[in-house]
Amino acid sequence: MLSQFVIFFYPFRRDFYKILGVSRSASVKDIKKAYRKLALQLHPDRNQDDPNAQDKFADLGAAYEVLSDEEKRKQYDAYGEEGLKEGHHSSHSDIFSSFFGDFGFMFGGNRQQQDRNIPRGNDIILDLEVTLEEVYSGNFVEVVRNKPVAKEAPGKRKCNCRQEMRTTQLGPGRFQMTQEVVCDECPNIKLVNEERTLEVEIEQGVRDEMEYPFIGEGEPHIDGEPGDLRFRIKVLKHPLFERRGDDLYTNVTITLVEALVGFEMYITHLDGHKVHIVRDKITKPGARIWKKGEGLPNFDNNNIRGSLIITFDVDFPKEQLDDQQKDGMDKARSL
Amino acid sequence: MSFGINKGRDPDSGYVTCGSLVKLLNTRHNVRLHSHDVKYGSGSGQQSVTGVDSADDANSYWRIRGKPNETCQRGVPIKCGQAVRFTHMKTGRNLHTHHFSSPLSNNQEVSAFGENGEGDDLDVWTVQCSGTYWERDDAVRFKHLGTSVFLSITGEQYGHPIRGQREVHGMPSPNQHNYWKVMEGVFIQPSNEPLHHDEL
């Protein structure tokens, strides 16, 4: 007997965790990071051949909206999508803009090449200081952008003002050339301040001077488009670790006895985990131990890590040895 | 497109924090603190600082930082009485004042000084406000640490080539001419520490 399977389609039973590719215990930071990565990949402008692109992108926006909000996430975890009490409040374009800026959705191609004739407002560059801990683990920085936005206002204004030469005839064969300011008429514009929250990602392994642009979040231009807001990463010096590429260097001081006899210790890493060091040989001052995989994540591939290089300093006793100690050292001299 | 994600305004987001980029409006004269690559023709001959009418000039952005050699942690609200520096975004010079006369009113000249954000001890100002922290809605005063003058504008205007721009100077007494308010800007919110990775 043929079994017939009938599949029902439940429109409101989306698995938001699956859509974002995160575990059910994911932190808000994990969720933001997942959204940002997928939003670039799934944007419909980038997937013009995929008929489902709009839906996938909409699903992504809905997933982020719910899981990034503590209340909504609780409701969703308990009752599923159908159990969500309110409808969607944020449009997906608002969510997208808070991570990338006010795009006119221009992908694939330098913004400047779009139309050289449209004047652009100034760019804003903000130096964003980040700690080595943030470079190791990643983070998101929330900023509130308050900016003037050009809005239409009643009436007209003068625009495209330029100098033109005018020729006037003073008499037969006599002409005068004068310079005059000539303007066009344009719709009137006023500037109104608006505010939005932006999410800047500090990606793991990010390097000094790297920039994160937010399109259109710069200064407005009355006759054109707004400029961009760019966050320029500045990695702060760390008191214990020195960065060289993806490797981390640190110094540890051991006692003279430890240098001769060996030791075991734990070094606390940038995210709090402990690195175990065991040494059972003599350690000379300046000796180094390489711990592969304990460096910084590589920016292009977070799964690759640099090394942690520990250089040992030996602490010699500060005061002179007394006779009893000298005696003890004498006995040890048979090394 | 007006407002973004509608989050309840949490108390910290109303504060001015370290590392933020802001425009400062003089509340009495309605102009914004501004600088540009134009030097004073008198006094110290350093880069001039003025007040401008326009609200959309990127040359009016200043970054708020701590004193030299002091960490002012990103996103932490600035306390009333705290010492800060204002670094001009476009030129990397710091808001600065010293014992030179201002060109129009004979008060104390205020200039933009230094390179790449590093100048000297005369770059430091204390934020004077009445509460505990500098709130975005507050009108505050900036008192110079080295010479005790207040950052002020009294309305004198320059001619060519910076026609209409107002003179910014230091005045010894606090009055209605030395109130400033943050306007447009990029206000950095406090961050959570990166989470620990338990699985490592």
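Computed from a prediction, not measured in an experiment: that's the story for all the values here. (Residues numbered from 1 in each chain as written. Chains lettered and ligands numbered in written order. Predicted model: local features only at pLDDT ≥ 70, side-chain atom pairs only at ≥ 80, totals over all residues. Heavy atoms only, no water.)

Structural notes on the overall build of chain A
Phase 1: When you go through chain A residue by residue, the secondary structure sums to nine helices and 11 strands.
Phase 2: Within chain A, the proportion of its 335 residues that are buried is 39%.
Phase 3: A separation of at least 24 residues holds for 65% of the contacts in chain A among residues at least 6 apart in sequence. (Helix = DSSP H or I, 4+ residues; strand = E, 2+ residues; numbered from the N terminus. Buried < 20%, exposed > 50% of the residue type's maximum accessible area, 1.4 Å probe, protein only. Contact = heavy atoms within 4.5 Å.)

Structural notes on the nonpolar core
Phase 1: Counting 41 residues, the largest nonpolar core has F231 and F312 of chain A as its most contacted members.
Phase 2: Other than its neighbours up to four places away in sequence, F312 of chain A contacts V252, I254, F263, M265, I277, T283, K284, P285, G286, A287 and I289 of chain A.
Phase 3: Residues V31, L33, I64 and V84 of chain B belong to the second largest nonpolar core, which totals 31 residues. (Core = buried A, V, L, I, M, F, W, Y, C linked by side-chain atoms within 4.5 Å.)

Brief notes about the packing of aromatic side chains
Residue and element names in this part refer to chain A.
Phase 1: Applying the stated rule across the entire model yields 14 aromatic pairs over all chains.
Phase 2: Arranged with centres 5.4 Å apart and planes meeting at 85 degrees, the rings of Y64 and F99 form a pair that is edge-to-face. Taken together, the residues span a long stretch of sequence, with Y64 in helix α3 (residues 53–67) and F99 in helix α5 (residues 92–100) at a distance of 35 residues.
Phase 3: Assessed through its relative accessible area of 1%, F99 is described here as buried.
Phase 4: A ring pair is formed by F99 and F140, whose centres lie 6.0 Å apart and whose planes are at 85 degrees; its orientation type is edge-to-face. Of this pair, F99 sits in helix α5 while F140 is found in strand β2 (residues 139–171), placing the two residues 41 residues apart along the sequence. (Phe/Tyr/Trp six-rings, centres within 6.5 Å; stacked < 30°, edge-to-face > 60°.)

Section: the interface of chain B and chain A
Phase 1: Each partner contributes residues to the interface: chain B has 35 residues there, and chain A has 47 residues.
Phase 2: With both chains or domains summed, chain B and chain A bury close to 3,400 Å², and 52% of this area falls on carbon and sulfur atoms.
Phase 3: On inspection of chain B and its partner chain A, the count reaches four salt bridges.
Phase 4: A salt bridge links E129 of chain A to R63 of chain B; the shortest N-O distance between them is 3.7 Å.
Phase 5: Between the two partners, chain B and chain A, sit 12 residue pairs in polar contact (both at pLDDT 80 or more).
Phase 6: When residues of the side of chain B that touches chain A are traced back to their parent elements, those giving at least two are β1 (21–26) and β13 (180–188) of chain B.
Phase 7: Broken down by element, the side of chain B that touches chain A gets its largest block of residues, six residues, from β13 of chain B.
Phase 8: Taken together, the residues of the side of chain B that touches chain A sort by class into 16 nonpolar, nine polar and 10 charged.
Phase 9: Both β2 of chain A and β13 of chain B contribute to a ladder of four bridges, which runs antiparallel. The residue of β13 of chain B that forms the bridge with R145 of chain A is V186 of chain B. (Buried area = accessible area lost by both parts, 1.4 Å probe. Salt bridge = Lys/Arg side-chain N within 4 Å of Asp/Glu carboxyl O. Polar contact = N/O pair within 3.5 Å; in protein donor to acceptor, adjacent residues only side chain to side chain. Nonpolar A, V, L, I, M, F, W, Y, C, P; charged D, E, K, R; others polar. Pairing = 2+ DSSP bridges.)

Concerning the side chain of Q165 of chain B
Phase 1: Examined against the element boundaries, Q165 of chain B turns out to sit in the loop between β10 (150–152) and β11 (166–167).
Phase 2: Once residues within four sequence positions are removed from consideration, Q165 of chain B is found in contact with H34, H36, T50, G51, V52, E156, Q157 and Y158 of chain B.

Section: the UniProt feature "domain: J" (unreviewed entry) in chain A
Phase 1: UniProt annotation of "domain: J" (unreviewed entry) refers to residues 15–80 of chain A when read in the numbering used here.
Phase 2: Annotated as 68% helix and 0% strand, the span residues 15–80 of chain A places its first and last C-alpha atoms 8 Å apart. (UniProt positions renumbered as here; feature names shortened; annotations may be inferred.)

Section: the pairing of strand β6 (residues 94–101) of chain B
Residues and elements named next belong to chain B.
Phase 1: Sheet analysis places β6 next to strand β7 (residues 108–113), joined by five bridges and oriented antiparallel. Residue pairing in the sheet places L95 in a bridge with A112 of β7.
Phase 2: Between β6 and β7, which pair antiparallel and follow one another directly, the connecting turn spans six residues, one of which, N106, has a positive phi of 60 degrees.

Considering the pattern of salt bridges
Residues and elements named next belong to chain A.
Phase 1: This structure, assessed with the given rule, holds 40 salt bridges over all chains.
Phase 2: Ionic pairing is found between D223 and R157, a salt bridge with its closest N-O pair at 3.0 Å. You can see D223 sitting in the loop between β4 (211–214) and β5 (229–235) and its partner R157 sitting in strand β2, a full 66 residues away along the chain.
Phase 3: For D184, the salt bridge is made with R162, and the minimal N-O distance between the two is 3.4 Å. Here D184 is found in strand β3 (residues 174–202), whereas its partner R162 is found in strand β2, with 22 residues between them in sequence.
Phase 4: Residue classification places D184 among the partly exposed positions, given a relative accessible area of 32%.
Phase 5: Of the residues examined, R162 reaches a relative accessible area of 32% and is grouped as partly exposed.

A word on the UniProt feature "domain: MIR" (unreviewed entry) in chain B
Phase 1: As annotated in UniProt, the feature "domain: MIR" (unreviewed entry) corresponds to residues 13–67, 75–130 and 131–185 of chain B in the numbering used here.
Phase 2: Helix makes up 0% of residues 75–130 of chain B and strand 43%. Its end C-alpha atoms lie 21 Å apart.

Looking at the sheet that holds strand β7 (residues 247–255) of chain A
All names here are of chain A.
Phase 1: Strands sit in the order β6-β7-β11-β10 across an open sheet of four strands; the sheet is mixed. In this open sheet, the two strands that pair with only one neighbour each are β6 (242–244) and β10 (288–291). Adjacent strand axes in the sheet meet at a mean angle of 30 degrees when their direction is disregarded.
Phase 2: Bridge count between β7 and strand β11 (residues 308–315): eight bridges; the pairing is parallel. Residue pairing for β11: V252 is matched across the bridge by F312. (Axes fitted to C-alpha atoms, helices over the stretch in contact; angles between N-to-C directions.)

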